[in-house]
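# Coordinate analysis (summary)
Each chain, letter by letter, is given below.
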Amino acid sequence: MTGNLIHAGCVSLHGVGIIITGDSGSGKSSLAAELMVNGAQLVADDQLLLSSLDGFLYGRAPQTIKGKMELFGFGVIDVPSCVLDSAQIALALHCVPDQTPQRMPQEASVMYVGIAIPIFQVDPFHPSTLAKVLLFSQT
């Protein structure tokens, strides 16, 4: 399976693949780590290969970084016990630290390899972000 490479992470939570985007240092891996200690499985950290099949979006890690995660202040670590080969992606989170989210944001989507998925801007370091993502992923 070939894919388009993007600068993003990806986890699967409750069977929902979530792309995590943002600038370098914006908290992508920190948010992924928070989700992983709450039941998510890592698909990819920092680089994500995207492809489509039958109208669905899928993501996987490049082989060179599969099972690895860079944690700011700790370096690159191996996380083989909680890694998935790929995930069907249904949601994107864009990390924007120190930004207050809109109370009722307009629906927004992002297009990857011809498939649109919903996207939300989040502050990955805000105390309630984790709870919100955990609840939203169950809907």
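The text that follows walks through the structure, step by step, so that each part is easy to find.

Definitions and limits used
- Residues numbered from 1 in each chain as written.
- Predicted model: local features only at pLDDT ≥ 70, side-chain atom pairs only at ≥ 80, totals over all residues.
- Heavy atoms only, no water.
- Helix = DSSP H or I, 4+ residues; strand = E, 2+ residues; numbered from the N terminus.
- Buried < 20%, exposed > 50% of the residue type's maximum accessible area, 1.4 Å probe, protein only.
- Arc of directions from axis to C-beta.
- Contact = heavy atoms within 4.5 Å.
- Lys, Arg positive; Asp, Glu negative; His and termini not counted.
- Salt bridge = Lys/Arg side-chain N within 4 Å of Asp/Glu carboxyl O.
- Phe/Tyr/Trp six-rings, centres within 6.5 Å; stacked < 30°, edge-to-face > 60°.
- Disulfide = S-S within 2.5 Å.

Our next topic: the environment of serine 30. If you trace the backbone, serine 30 turns up in helix H1 (residues 28-36). Separated by 26 residues in sequence, serine 30 and asparagine 4 have C-alpha atoms that sit 24 Å apart.

Right, let's get into helix H2 (residues 129-136). Along H2, the positions that sit buried rather than exposed are Thr129, Leu130, Val133 and Leu134. Summarising the axial view, the buried residues of H2 lie within an arc of 130°, below the 170-degree limit, and thus occupy one face. Buried residues in H2 make contact with strand E2 (9-13), strand E3 (16-22), H1, strand E9 (87-95) and strand E11 (115-122).

Turning our attention to unusual backbone geometry. Of note, aspartate 54 is a non-glycine position whose phi angle comes to about 55°, a positive value. Following the sequence through the fold, aspartate 54 ends up in the loop between strand E5 (48-53) and strand E6 (56-60).

The next point concerns the side chain of lysine 28. Tracing the sequence through the fold places lysine 28 in helix H1. The side chain of lysine 28 sits in the buried core without any salt bridge; aspartate 46 is the nearest counter-charge, 4.9 Å away. Sequence-distant contacts of lysine 28, that is, excluding residues within four places in its chain, are made with His7, Ile20, Thr21, Gly22, Asp23 and Cys95.

According to the stated counting rule, one finds one aromatic pair in the structure shown. Ring plane angle 70° and centroid distance 5.0 Å describe the contact between phenylalanine 120 and phenylalanine 136, whose orientation is recorded as edge-to-face. Residue phenylalanine 120 is found in strand E11, and its partner phenylalanine 136 is found in helix H2; the two are separated by 16 residues along the sequence. Classification of phenylalanine 120 by relative accessible area gives partly exposed; the value is 30%.

For H1, every residue scored as buried is listed here: Lys28, Ser29, Leu31, Ala32, Leu35 and Met36. Relative to the axis of H1, the buried residues are bounded by an arc of 160° and lie together on one face.

What follows is about the state of the cysteines. Tallied over the full model, the rule gives zero disulfides. Summary of cysteine pairing: cysteine 10 is not part of a disulfide, and the nearest cysteine sulfur, belonging to cysteine 95, is at 13 Å. A relative accessible area of 1% places cysteine 10 in the buried class. According to the relative accessible area criterion, cysteine 95 is buried, its value standing at 3%.

Right, let's get into the pattern of salt bridges. In this structure the tally under the stated criterion is two salt bridges. Between aspartate 85 and lysine 66 there is a salt bridge whose closest N-O contact spans 2.3 Å. Of this pair, aspartate 85 sits in the loop between strand E8 (75-78) and E9 while lysine 66 sits in the loop between E6 and strand E7 (68-71), placing them 19 residues apart in sequence. Aspartate 85 gets classed as exposed once you look at its relative accessible area, which sits at 53%. Owing to a relative accessible area of 31%, lysine 66 belongs among the partly exposed residues under this scheme. Linking aspartate 78 and lysine 68 is a salt bridge whose minimum nitrogen-to-oxygen distance equals 2.8 Å. Of this pair, aspartate 78 sits in strand E8 while lysine 68 sits in strand E7; the two residues are 10 residues apart in sequence, bridging distant segments of the chain. For aspartate 78, a relative accessible area of 53% translates into the label exposed. Looking at lysine 68, the relative accessible area reads 33%, which means it is partly exposed.

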